[in-house]
Amino acid sequence: ILNVEQSPQSLHVQEGDSTNFTCSFPSSNFYALHWYRWETAKSPEALFVMTLNGDEKKKGRISATLNTKEGYSYLYIKGSQPEDSATYLCAFQSNAGNMLTFGGGTRLMVKP
Amino acid sequence: DGGITQSPKYLFRKEGQNVTLSCEQNLNHDAMYWYRQDPGQGLRLIYYSQIVNDFQKGDIAEGYSVSREKKESFPLTVTSAQKNPTAFYLCASSSKYRETQYFGPGTRLLVL
């Protein structure tokens, strides 16, 4: 079973703070790394799919980086807003089987 | 509107009873997936199907069964052999195997 870890498990920040969290995954047999945002009472929503070492992706105030050699990805949120409150999931996709293995998620709460 | 629907939102199971969770998509996606989420854990793959009339076991298939008779439908049956069925169940689909997955809103299964 593949080990995908996310840290921290939960995070409370004030509106306007910038924040980041980590996804660690196996550094071998890499195919892709996925980030999802999961708001309460909604479906998980795809944010990024990252495939190349050194990749950086950006969507509004959210960005992500990827290091496949050391097996980690960072998700950054600049100037957090209350609507950013959600659980952020990462999922590792290997080139052996291609199934997604999810981390436990980071729950972000942004206080107004 | 294109999307994935799951029903019911909440489902109660009695001891020894089989129950079926519905998942329908109108995205014309080939691949469909079932995941289970337990508190504090990541999503774990139960079953997946790459194409109609074909499906494969995921990491935790014991006590579950599926069928894929139509492209748009992938129902999951939780059998009496599943001793700990209480969880949140998410269905997902992707255009092709390996592509970004899109999720439904989920079904929460509770045992009476």
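This structure is a prediction, so every number in the text was calculated from the model and none was measured.

1. Side note on the interface of chain B and chain A
(1) Moving on: Contact residues are listed per partner, giving 18 residues for chain B and 18 residues for chain A.
(2) Moving on: Between chain B and chain A, a total of about 1,500 Å² is buried, with carbon and sulfur atoms accounting for 61% of that surface.
(3) Moving on: On the chain B side of the interface with chain A, the three residues burying the most area are Leu-43, Arg-98 and Phe-103 of chain B, jointly 38% of the side's total.
(4) Moving on: At the surface where chain B touches chain A, the tally comes to zero salt bridges.
(5) Moving on: Broken down by element, the residue count for the side of chain B that touches chain A peaks at three residues, all from strand E4 (residues 31-37) of chain B.
(6) Moving on: A per-class count over the side of chain B that touches chain A returns 10 nonpolar, seven polar and one charged.

2. Some remarks on the sheet that holds strand E6 (residues 56-59) of chain A
All names here are of chain A.
(1) Moving on: Spatial ordering of the open sheet is given by E1-E3-E8-E7-E6, a layout of five strands whose pairing is antiparallel. Unpaired on one side and paired on the other, strand E1 (5-7) and E6 mark the two borders of the sheet. Each neighbouring strand pair of the sheet contributes to a mean axis angle of 15 degrees, computed without reference to strand direction.
(2) Moving on: Here four bridges tie E6 to strand E7 (residues 62-67), and the two strands are oriented antiparallel to one another. Among the inter-strand pairings, Glu-56 is bridged to a residue of E7, identified as Thr-65.

3. A few points about the sheet that holds strand E7 (residues 64-66) of chain B
Residues and elements named next belong to chain B.
(1) Moving on: If you trace the four strands from one edge of the open sheet to the other, you get E1-E3-E8-E7, paired in antiparallel fashion. Every other strand in the sheet has two partners, leaving strand E1 (4-7) and E7 as the edge strands with one partner each. The average undirected angle you get between the axes of adjacent strands in this sheet is 20 degrees.
(2) Moving on: Pairing geometry for E1 and strand E3 (residues 19-25), over four bridges, is antiparallel. By the bridge assignment for E3, Ile-4 is matched with Gln-25.

4. Remarks on the packing of aromatic side chains
Here a ring pair, both rings aromatic, is described through the centre-centre distance and the interplanar angle of the planes.
(1) Moving on: Here the structure, examined in full by the defined rule, presents 15 aromatic pairs over all chains.
(2) Moving on: Arranged with centres 5.6 Å apart and planes meeting at 35 degrees, the rings of Phe-25 of chain A and Phe-30 of chain A form a pair that is tilted.
(3) Moving on: For Phe-25 of chain A, a relative accessible area of 6% puts it in the buried group.
(4) Moving on: On the basis of an interplanar angle of 40 degrees and a centroid distance of 6.0 Å, the ring pair of Tyr-36 of chain A and Phe-102 of chain A is categorised as tilted. Of this pair, Tyr-36 of chain A sits in strand E4 (residues 30-38) while Phe-102 of chain A is found in strand E10 (residues 100-102), placing the two residues 66 residues apart along the sequence.
(5) Moving on: One aromatic cluster is present, built from ring pairs that chain together Tyr-36 and Phe-102 of chain A together with Tyr-33, Tyr-35 and Phe-103 of chain B.

5. A look at the state of the cysteines
All names here are of chain B.
(1) Moving on: Per the stated rule, a full pass over the model turns up two disulfides over all chains.
(2) Moving on: Each sulfur of the disulfide joining Cys-23 and Cys-91 lies 1.8 Å from the other. Measuring handedness by torsion sign, the sulfur bridge of Cys-23 and Cys-91 sits at about -70 degrees and is left-handed. With Cys-23 in strand E3 and Cys-91 in strand E9 (residues 87-94), this residue pair connects regions lying 68 residues apart in the sequence. The two residues Cys-23 and Cys-91 agree in class, both being buried.

Rules of the game
Residues numbered from 1 in each chain as written. Chains lettered and ligands numbered in written order. Predicted model: local features only at pLDDT ≥ 70, side-chain atom pairs only at ≥ 80, totals over all residues. Heavy atoms only, no water. Contact = heavy atoms within 4.5 Å. Buried area = accessible area lost by both parts, 1.4 Å probe. Salt bridge = Lys/Arg side-chain N within 4 Å of Asp/Glu carboxyl O. Helix = DSSP H or I, 4+ residues; strand = E, 2+ residues; numbered from the N terminus. Nonpolar A, V, L, I, M, F, W, Y, C, P; charged D, E, K, R; others polar. Pairing = 2+ DSSP bridges. Axes fitted to C-alpha atoms, helices over the stretch in contact; angles between N-to-C directions. Phe/Tyr/Trp six-rings, centres within 6.5 Å; stacked < 30°, edge-to-face > 60°. Buried < 20%, exposed > 50% of the residue type's maximum accessible area, 1.4 Å probe, protein only. Disulfide = S-S within 2.5 Å.

Just geometry here; none of it tells us what the structure is for.
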